[in-house]
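Overview (structure and organization)
Listed below, chain by chain, are the residues.
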Amino acid sequence: MSAVSRNLWARLWGALRSLSGDDRYERYLDHLRTHHPEVEPLTRARFYASELERRWDKDGPTRCC
Amino acid sequence: MSSKRIRHWLTWGTIAVVGAAAFGGIALNRGESVNAAWLVVAAACVYLLAYRFYSGWIAARVLALDATRATPAECLENGRDFMPTHRWIVFGHHFAAIAGAGPLVGPTLAAQFGFLPGMLWLLVGAVLGGCVQDMLVMFCSIRRNGRGIGQMAYDELSSVGGTAALVATLTIMIILIAVLALVVVKAMAHSPWSTFTVFATIPIAILVGIYLRVLRPGRVLEGTAIGVVLLLLAVVAGGWVDTSPSLRGWFDLDAHALAWFVMGYGLVAAVLPVWLLLAPRDYLSTFVKLGVVVLLALAVCVLAPEIKMPPITRFIDGTGPIFSGKLFPFLFITLACGAISGFHALVASGTTPKLLTRETDLRLVGYGSMALESSVGVLALIAACVLDPGVYFAINVGAGVVGADAATATATITSWGFPVTAGQMQHLAHSMGEQTLFARTGGAPSLAVGMASIFGSAFGEHLLAMWYHFAIMFEAVFILTVLDAGTRVGRFIVQEAFGKVSASFGRTSWYPSVVLSSLVTVAGWGYFLYIGVIDPNGGINILWPLFGIANQLLAAIALAVVTAILVKSGRRKYAWVSGLPLAWLVTVTTVASLQKIFSSDPKLGFFAAAHDLASQLAAGVLAPERALVAPKLIFNQQLDGWLTAFFLALVWVVVLDMARSCARHLAGPGAAATRETPYQRTQLA
């Protein structure tokens, strides 16, 4: 595979992960590292559980007719 | 002119010419069938031109979007809901959130007027109304730290307008869940294959839920991939169940039993923790939904099927058998979500604006994703219109209108000028793996037959039954997601209301309160679902207009809030951008509501229908099984009449509140000013 097509695949894969929410935990870790290095991050499992609670129980409707 | 400018005008000039030629092709094609490719090309050109020029003009002149202004995602970044995200990713999230069953069912039903009225309103309504609404609501929210539309109604109008918006949201949610549940129940009735497949989605979702919470926390792609494979297997396995004499009896259920099952399911889903059922189901439905939309678009573009429905049918005079009422206003009420959807205002404010990196991105995310959603409506319309019109009516018209047996039904439909034979229907049902396709109201079976015939000619005729049940599964999966999520949202609103009476009921985790408020919500939509099931005319003909009126009402509320903000933020001369669609929606909902309330035609007016049925019951001319359900239907027609009057009152309360708020602002400078978050320069590169 050439470097160009490898780069394209990497970007497509990244987009798919972002779209599905697969990379949320990594983005959360990134955020803490750059903005709040003193804060102990949640574990992956705790983060997933608390994200679901926020999205479905606090944010109101996120799906339409 | 620079060469870049010349190229720009050449490109857009070509798109305009191609679009005009496609419309010319449709208009001049008299008497012969039109190819779907013309519709696709015409629609694509309209969306592209509107996006390039109208949304560009709104972004630059009306809103003066400022790429240097820091967005809430940047100012309030928390690594969770506030998070600067690439605009195409936000576009995908937002599209997945707004895409639902509405733009699939609405155009399918509206095809009774022919393909042209539906097609034109999907295009015009979206580019001048729906896309504008979504974009403007998003703009107002992004300038107010991602506030929701309900909160903005409180802030910009008054507590009266705000309360009206909240009440409207809850009522609409209940009607919406009922109508969608009815669509699924009607699709599963006496179809063991569909029933098995839809039932199987529940344990599959639970399995994925456990995988994502316990086995591999948060690995969404892995979990979804496993789930999607299992869903496809469930479609195949449904076929085995259907041919197994011992198993099929278990899944051969009537609409009654299924309605009770769906209510029980809704109750359980609202009480269970989200990770177990709701969240994994949502991951699966999003994937299946996006996949099918892409597949359908590809199939329509590559195969270019012939449109068999005439451009306009005689039913524009109001005598339509699928739903009653003339082209104006009922075309607009029926298409609802594909052109303008009030529900989008709930997502476009709140969730999505918290992700936008730059203000200028909201042109793509707000306007663009609604244009894409509307094009899904065009695809659904095409899928309905590639069927023989006779077949289309045989599937979508209730037995109460055309008669219960095949001979009478086909004779009636043929007498309307749409020839169809019992043998043709029998053959079609057989090839789709169903016992019968007569009177399968609700829109889902007809869409599935349309999609199966399109996919079948692309990927092999022998798979027709498989495609049909795949399409049913696809609709059911995300309808059940809306049912779960909507019941949950309803539960929280009810709990909040209960909390005002007793503090312990307000605690969202107190079990008795959870169960009671879920029961209240499920009872709300369950009632309308149950009535829809026992109605011999199919139920959808009553419930869908009610839903359409409610949805357009919510859009009117959103546009009223936006118009008030435009006036109060010094954009008075551009207030027509949201003011015109608002005026149109208020006109449409008012005329439709008044007809539904006051029409003396029992097919159209709710009270007239109640009166008509009551006199038939009193005269003893009803068949025994009809006389049995008649009192319930009479009560329901009256209830629907009052509900429509309530909707009408709500929309006028909000519009008058908007007028009052604007007038106060115009009377004296500084009075009733709008509250934008102050400008802050972006630090992002």
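Presented here is a report on the structure given in the accompanying data block.

Procedures and definitions
- Residues numbered from 1 in each chain as written.
- Chains lettered and ligands numbered in written order.
- Predicted model: local features only at pLDDT ≥ 70, side-chain atom pairs only at ≥ 80, totals over all residues.
- Helix = DSSP H or I, 4+ residues; strand = E, 2+ residues; numbered from the N terminus.
- Rg over C-alpha atoms; globule rule 2.2 N^0.38 Å.
- Buried ≥ 20, exposed ≤ 12 C-beta atoms within 10 Å, placed from the backbone.
- Contact = placed C-beta atoms within 7 Å.
- Nonpolar A, V, L, I, M, F, W, Y, C, P; charged D, E, K, R; others polar.
- Core = buried A, V, L, I, M, F, W, Y, C linked by C-beta atoms within 7 Å.
- Axes fitted to C-alpha atoms, helices over the stretch in contact; angles between N-to-C directions.
- Parallel < 35°, antiparallel > 145°, perpendicular 65-115°, else oblique.
- Left-handed = near helix turned anticlockwise from the far one by under 90°.

Brief notes about the overall build of chain A
Check the secondary structure of chain A and you find three helices and zero strands. If you list the helices and strands of chain A from N to C, you get α-α-α. Relative to a compact globule of 65 residues, whose C-alpha radius of gyration would be 11 Å, chain A shows 16 Å and is clearly more extended. For chain A, the C-alpha atoms occupy an extent of roughly 45 × 45 × 20 Å along the three principal directions. Split into buried and exposed, the 65 residues of chain A put 25% on the buried side.

Considering the interface of chain A and chain B
Chain A puts 32 residues into the contact, and the matching count from chain B is 41 residues. When contributions to the side of chain A that touches chain B are tallied by element, the ones reaching two or more residues are helix 1 (3-20), helix 2 (24-35) and helix 3 (44-58) of chain A. No other element matches the 11 residues that helix 3 of chain A contributes to the side of chain A that touches chain B. Here the residues of the side of chain A that touches chain B are counted per class, giving 15 nonpolar, six polar and 11 charged.

Concerning the nonpolar core
Residue and element names in this part refer to chain B. V184 and L529 are the most contacted members of the largest nonpolar core, which has 240 residues in total. For this core, the leading source of residues is helix 25 (residues 540-568), giving 22 residues. Non-local contacts of V184, meaning those with residues more than four positions away in its chain, are made with V198, V262, A476, I479 and L480. Core analysis: the second largest hydrophobic core is formed by five residues, F606, A609, A610 and L633 among them.

Let's talk about unusual backbone geometry
Residues and elements named next belong to chain B. Following F328, the chain continues to P329 via a peptide bond in cis, the omega torsion being 5°. Along the chain, the position of P329 falls in helix 14 (residues 327-335). Of note, N145 is a non-glycine position whose phi angle comes to about 55°, a positive value. Here N145 lies in the loop between helix 6 (115-142) and helix 7 (149-156).

Considerations on the packing of helix 26 (residues 576-598) of chain B against helix 28 (residues 624-667) of chain B
Helix-helix packing: each pair is described by the crossing angle between the helix axes and the interaxial distance. Residue and element names in this part refer to chain B. At a minimum axis separation of 9 Å, helix 26 and helix 28 run at an interaxial angle of 155°. Between helix 26 and helix 28, the crossing angle belongs to the class labelled roughly antiparallel. Viewed along their axes, helix 26 and helix 28 form a crossing whose handedness is left-handed. Residues V586, T589, T590, S593, K596 and I597 of helix 26 form the contact with helix 28, whose own contacting residues are G641, T644, A645, F647, L648, V651 and V655. Per-class residue counts for the contact of helix 26 with helix 28 are seven nonpolar, five polar and one charged.

Quick notes on the packing of helix 9 (residues 192-215) of chain B against helix 10 (residues 220-243) of chain B
Residues and elements named next belong to chain B. As a packed pair, helix 9 and helix 10 sit with axes 8 Å apart at the nearest point and diverge in direction by 155°. On the basis of their axis angle, the class for helix 9 and helix 10 is roughly antiparallel. Crossing angle aside, the handedness with which helix 9 passes helix 10 is right-handed. Here the contact of helix 9 with helix 10 is composed, by residue class, of 16 nonpolar, six polar and one charged.

Quick notes on the environment of A:L16
The topology assignment puts A:L16 in helix 1. As a C-alpha pair, A:L16 and A:S5 span 11 residues in sequence and 16 Å in three-dimensional space.

A short note on helix 14 of chain B
All names here are of chain B. Across the nine residues of helix 14, seven count as buried, placing the element largely inside the fold. Listing the buried residues of helix 14 in full gives P329, F330, L331, F332, I333, T334 and L335. Residues of helix 14 that are buried make contact with helix 5 (102-110), helix 6, helix 25 and helix 26. Downstream of helix 14 by one or two residues, A336 has phi in the positive range, about 35°.

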